[in-house]
Amino acid sequence: PGPEARPTPEARPGSGPNPGGGPRYKGLNVSASELEAIREACAKPLDLQSGEGYRGPIVDTHVHTALDNPQGPFALALLAEMNKHGVSRVVIQTDHSPDVTVHPGLLSVYRETEDTWGKIASVCPRILPLIYAFDPADDSSWDYVQERLNTGHFAGVGEIEFVHSKLGIRKPVHSKTMDR
């Protein structure tokens, strides 16, 4: 017996197109007004609290965002916390989903979320998104990765599942995409 079959986003109850015609995941995109608010929050000074010990800026290199988060409000809340606690930069990626390379519907949702974080990073260089929505074993994935990297808004490639014992994932570490 292999790993438990997982339905595509379109097949899950309450997911895919809603009866009203809208997508299940709301808030994957960011509005112009949200981008402006993000730009303003990004420019605010850090609160480098007084007291004993280290009082300089901090970099957080491991933040995830869930697909169910409205991405613009999440970015604003993240920046508010960053400013409050002296965090100068964050590296962010969508949540892990080993199924992302198996289900085209899920892959497209992850890519849309990545596009949104690229837009957010274009107005706030303190936010460094990582590229995750690609299959490392698929040689054609290089075009997607290269396109994102060429925008200058992505900090690099994020966490990738090469091996997952419970889900039966076995991806080669070396492929044309990964070697590039």
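Being a predicted model, the structure only gives us computed values, none of them experimental.

Cut-off values and rules
Residues numbered from 1 in each chain as written. Predicted model: local features only at pLDDT ≥ 70, side-chain atom pairs only at ≥ 80, totals over all residues. Heavy atoms only, no water. Pairing = 2+ DSSP bridges. Helix = DSSP H or I, 4+ residues; strand = E, 2+ residues; numbered from the N terminus. Contact = heavy atoms within 4.5 Å. Disulfide = S-S within 2.5 Å. Buried < 20%, exposed > 50% of the residue type's maximum accessible area, 1.4 Å probe, protein only. Axes fitted to C-alpha atoms, helices over the stretch in contact; angles between N-to-C directions. Polar contact = N/O pair within 3.5 Å; in protein donor to acceptor, adjacent residues only side chain to side chain. Parallel < 35°, antiparallel > 145°, perpendicular 65-115°, else oblique. Left-handed = near helix turned anticlockwise from the far one by under 90°. Phe/Tyr/Trp six-rings, centres within 6.5 Å; stacked < 30°, edge-to-face > 60°.

**A word on the pairing of strand β1 (residues 58-65)**
Consideration 1: When β1 meets strand β2 (residues 87-94), the two strands line up parallel, connected through six bridges. Considered in β2, the bridge of Ile58 is made with Val87.

**Describing the side chain of Thr116**
Consideration 1: Position of Thr116 among the secondary structure elements: in helix α3 (residues 104-123).
Consideration 2: Sequence-distant contacts of Thr116, that is, excluding residues within four places in its chain, are made with Leu28, Asn29, Val30 and Gln71.

**Section: the state of the cysteines**
Consideration 1: For the structure shown, the criterion picks out one disulfide.
Consideration 2: Two residues share a disulfide in this structure: Cys42 and Cys124, whose sulfurs sit 2.2 Å from each other. Residues Cys42 and Cys124 are joined through a disulfide that is right-handed, its torsion about the S-S bond being 80°. Here the residue Cys42 occupies a position in helix α1 (residues 32-43), and Cys124 occupies one in the loop between α3 and β3 (127-131), the gap between them amounting to 82 residues. Both residues of the pair, Cys42 and Cys124, belong to the buried class.

**Digging into the sheet that holds strand β4 (residues 156-157)**
Consideration 1: Taking strand neighbours across the sheet as the criterion, the four strands line up as β1-β2-β3-β4 in an open arrangement whose pairing is parallel. Either end of the sheet is taken by a strand with one partner, and the two such strands are β1 and β4.
Consideration 2: Packed on one face of the sheet, α3 meets β1, β2 and β3 and runs near 155° to β3.
Consideration 3: Packed on one face of the sheet, helix α4 (residues 141-151) meets β3 and β4 and runs near 165° to β3.

**A closer look at the side chain of Thr65**
Consideration 1: Secondary-structure assignment places Thr65 in strand β1.
Consideration 2: Side-chain polar atoms of Thr65 contact the side chain of Asn69, separated by 3.2 Å.
Consideration 3: Among all residues touching Thr65, those that are not within four sequence positions of it are Gln71, Phe74, Ile92, Gln93, Thr94, Asp95 and Trp117.

**A closer look at the packing of helix α2 (residues 71-85) against α3**
Consideration 1: Interaxial distance between α2 and α3 falls to 11 Å at its minimum, and their mutual angle equals 45°. Of the possible angle classes, the one that applies to α2 and α3 is oblique. Handedness of the crossing formed by α2 with α3: right-handed. Counted together, Gln71, Phe74 and Ala75 of α2 and Thr113, Thr116, Trp117 and Ile120 of α3 form the full contact between these two elements.

**A look at the packing of aromatic side chains**
Consideration 1: Summed over all chains, the structure comprises two aromatic pairs.
Consideration 2: Taking 5.8 Å as the distance between ring centres and 45° as the angle between the ring planes, the aromatic pair formed by Tyr110 and Tyr132 counts as tilted. Of this pair, Tyr110 sits in helix α3 while Tyr132 sits in the loop between β3 and α4; the two residues are 22 residues apart in sequence, bridging distant segments of the chain.

**A few points about the environment of Tyr25**
Consideration 1: Following the sequence through the fold, Tyr25 ends up in the segment before α1.
Consideration 2: For Tyr25, a relative accessible area of 10% gives the class buried.
Consideration 3: Along the sequence, Tyr25 and Pro70 sit 45 residues apart, while their C-alpha atoms lie 8.5 Å from each other.

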